[in-house]
Each structure stands twice: as structure tokens, then as C-alpha cells.
Amino acid sequence: MTSIRRPQLAILLSGSGSNLQSFIHAINAGALEADIAVVISNKAGVLGLKRANAAGIKTITIDNLQFQNREEFDSALALSIKYYKPDLLVLAGFMRILTQGFVKTFSGRILNIHPSLLPKYPGLNTHKKAIDAGDAFAGATVHFVTAKLDGGPPVLQAEVPIHQDDSPEKLASRVLEKEHQIYPLAVQWFCEGRLTFVEGSAFLDSAALPKNGLTYVGDSTKK
Ligand code: GRF
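Conventions used here
Residues numbered from 1 in each chain as written. Predicted model: local features only at pLDDT ≥ 70, side-chain atom pairs only at ≥ 80, totals over all residues. Heavy atoms only, no water. Buried < 20%, exposed > 50% of the residue type's maximum accessible area, 1.4 Å probe, protein only. Helix = DSSP H or I, 4+ residues; strand = E, 2+ residues; numbered from the N terminus. Right-handed = clockwise from strand over helix to strand, strands pointing away. Polar contact = N/O pair within 3.5 Å; in protein donor to acceptor, adjacent residues only side chain to side chain. Near = heavy atom within 4 Å. Areas by Shrake-Rupley, 256 points an atom, 1.4 Å probe, with all protein chains shown as cover. 1 Å grid on protein atoms, 1.4 Å probe; cavity = no way out; pocket = protein on both sides within 12 Å on 5 of 7 lines; lining within 4 Å. Sits in = over half its atoms within 2 Å of the grid points. Nonpolar A, V, L, I, M, F, W, Y, C, P; charged D, E, K, R; others polar. Domains from an automatic or database assignment. Points joined across faces, edges and corners; volume = space filled by probe spheres on them. Core = buried A, V, L, I, M, F, W, Y, C linked by side-chain atoms within 4.5 Å. Phe/Tyr/Trp six-rings, centres within 6.5 Å; stacked < 30°, edge-to-face > 60°.

Colleague: For this particular structure, what's the right way to read the pairing of strand 5 (residues 110-114)?
Modeller: The two faces of the sheet receive side chains in turn, since in a regular strand these alternate between them. Most of strand 5 sits inside the fold, with five of its five residues counted as buried. The alternating pattern of strand 5 places Ile110, Asn112 and His114 on one face and Leu111 and Ile113 on the opposite face, and all of these are buried. Between strand 4 (residues 88-91) and its parallel partner strand 5, the chain crosses via helix 4 (residues 100-105), and the hand of that crossover is right-handed.

Shown next, in the form of C-alpha cells:
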């Protein structure tokens with residue numbers, strides 16, 4: 001009997017790994033048909049690594065401070081990743097700007113989640129920026145990674161209303177709940193071969209996705 005190889009994921013993180021946990025849950029629940037081949041962190045001892053160890057997932061730490069420059073770190077990272085032959089790299093709170101060379105090596109096979117409704121608020125402190133701007137909604141966006149920081153084509157967004165008395169921390173925790181719903185879903189689409197990246201654009205079931213991606217509305221999505 002031949003066994004079918006499930007899609008292999010490499011998850012890259014730098015911190016608490018609550019998104020990693022959502023992938024572990026989704027895999028255990030059968031909602032995500034993939035295996036996590038390895039979790040890689042650029043910081044030793046973070047909670048994300050502990051979560052991976054607790055789930056019996058192979059972990060690697062590659063400390064960026066041990067490298068002279070971005071190119072050398074990214075080369076070492078790429079080498080470690082290639083050993084595991086992943087189908088998809090999943091950035092889950094990986095606090096590193098990736099070099100063009102790295103992105104090219106894995107072109108069309110890197111997803112990220114960013115805690116804002118891109119193209120609004122790339123970079124850091126997204127929740128404070130949304131509150132300070134008086135926005136009615138914050139949210140999160142799953143997108144393909146290109147060399148432009150938080151600038152690759154969006155796949156799926158979840159909106160979260162901003163309350164009058166919101167703090168960045170309160171808002172962040174509500175946004176995270178949504179992240180844990182949309183990220184495993186988008187990764188499952190990729191694993192099914194439904195989500196693709198062609199010539200700089202994102203496609204679902206061969207149809208080009210809207211400029212800001214799909215909007216998540218519970219168990220379905222709207223365009
Ligand atoms: C999330 O807010 C995600 O949007 C951003 O980094 C954070 C990671 O959180 N890219 P966690 O480590 O998965 O808990």
C-alpha cells in the first residue's frame with residue numbers, strides 16, 4: 001500500500017506561538033490536513049518552542065544575533081528549512097524582515113499573518129495606530145510574502161470592531177482570536193492546492209482574489 005504524503009509545513013516564529021497552537025488544534029481536529037515538519041525560532045526559550053515541544057514537534061533555534069548580517073542569517077535559515085522539504089513556510093509572529101534572496105528561494109510558498117486590515121498599517125504597533133486613527137474596525141490579514149514588508153497579495157481578512165474604551169492590548173487579544181480562525185483556513189486552502197500564487201497575485205480556485213483578499217464571515221467568506 002502506498003501512503004500519501006501529507007503537505008509539510010515549516011512554521012517560523014519568535015514569540016508566544018498562539019498561532020502555532022491554532023495550527024496544532026486544527027490538525028488534531030482534522031480541519032487542517034498537513035503535518036508540521038519543524039518549528040524554527042530566531043529566539044531561544046520562547047513559549048512557541050515550548051508549545052511545539054509539548055506537541056512532539058521538532059524544533060530548531062537559529063539565533064539571528066550570531067550572524068554578521070541579514071544575508072548570512074537568511075542563508076542559514078534557508079538551509080535548515082530545505083532539510084525538511086516543506087511545501088509551505090508559515091510565518092507566525094516571526095519578527096524578522098526577510099531578504100529578497102530568501103523570499104525568491106521560497107517564492108509563492110510563504111504565508112504570513114499581519115495584525116491589521118492591510119494595506120492599512122504595515123509594520124509594528126498596528127492596534128495603537130488603528131485606535132489613534134479613530135477606525136471603526138481593526139483586524140488581521142493572511143497574505144503571501146513578497147520582498148515588500150507586509151506588502152504581498154492578501155488572501156483572507158477578518159474584521160474586528162474597535163470599542164470606545166479599547167486599549168491596544170484588549171484589541172490585540174480579540175484580533176488574535178480571529179487570527180486563530182483564518183490562518184489555519186488559508187493554510188488548508190494552500191494544502192488542498194486551491195490557493196496559489198501566480199506572477200505576484202493570489203488565486204483561489206483559479207480565480208484572482210480581490211485586492212484586499214476575501215473577508216472572513218464565520219464558516220464562509222465573502223468577496
Ligand atoms: C500575531 O499578532 C500576528 O498577527 C503577528 O505576530 C503575532 C504572533 O502572535 N504577525 P503569536 O506568537 O502567534 O501568539
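Colleague: Even after reading the chapter, I still don't get the side chain of His114, so can you show me in this structure?
Modeller: Its place among the elements puts His114 in strand 5. On the accessibility criterion, His114 (4% relative accessible area) is buried. Among the polar contacts made by the side chain of His114, one reaches the side chain of Asp150 at a distance of 3.4 Å.

Colleague: So what exactly am I meant to see when it comes to the site of the ligand here?
Modeller: Around the ligand, the structure places Ser16, Gly17, Ser18, Asn19, Gly93, Ile113, His114, Pro115, Leu176 and Glu179. The separation between an oxygen atom of the ligand and a polar main-chain atom of Gly17 is 2.8 Å. Glu179 places a side-chain nitrogen or oxygen 2.9 Å from an oxygen atom of the ligand. A total of 370 Å² of accessible area belongs to the ligand in isolation, and the protein chains cover 83% of it. Counting atoms within 2 Å of the grid points, the majority share of the ligand lands in the largest pocket. A class-by-class count of the residues in the shell around the ligand yields three nonpolar, six polar and one charged. Both of domain 1 (1-106) and domain 2 (113-223) provide at least three residues apiece to the shell around the ligand.

Colleague: Explain the layout of surface pockets to me, please; I cannot follow it from the model alone.
Modeller: Over the atoms, a rolled probe matching the size of one water molecule traces out where space is still vacant. Empty space within the largest pocket amounts to approximately 970 Å³. Elements with a minimum of two residues in the lining of the largest pocket: helix 1 (18-29), strand 5, helix 5 (126-132) and helix 6 (168-191). The greatest single-element share of the lining of the largest pocket, amounting to four residues, is contributed by helix 6. Grouping the constituent residues of the lining of the largest pocket by class yields 17 nonpolar, 15 polar and five charged. Two domains each put at least three residues into the lining of the largest pocket: domain 1 (1-106) and domain 2 (113-223). Taken as a whole, the second largest pocket encloses approximately 160 Å³ of empty space. Around the second largest pocket sit Leu118, Pro119, Pro122, Lys148, Leu149, Asp150, Gly151, Gly152, Pro154, Lys211 and Asn212, which together line it. Counted by class, the lining of the second largest pocket contains five nonpolar, three polar and three charged residues.

Colleague: What is the right way to read the nonpolar core from this model?
Modeller: Membership of the largest hydrophobic core comes to 48 residues, with the highest contact counts inside it found for Leu9, Ile36, Val155 and Val187. At nine residues, helix 6 tops the list of elements feeding residues into this core. Judged by nonpolar contacts, the second largest core, of 21 residues, contains Ile62, Ala78, Leu89 and Ile110.

Colleague: Help me understand the packing of aromatic side chains, please; the structure alone is not making it clear to me.
Modeller: Each aromatic ring pair is characterised by the separation of its centres together with the angle its planes make. In this structure the tally under the stated criterion is six aromatic pairs. Ring geometry for Phe67 against Phe73: centres 5.7 Å apart, planes inclined by 75°, an arrangement best described as edge-to-face. A residue is classified by how much of its surface remains accessible, and Phe67, at 27% relative accessible area, is partly exposed. Exposure remark for Phe73: the relative accessible area of 1% places this residue in the buried category. Among the aromatic residues, ring-to-ring pairing joins Phe144, Phe190 and Phe197 into one connected group.

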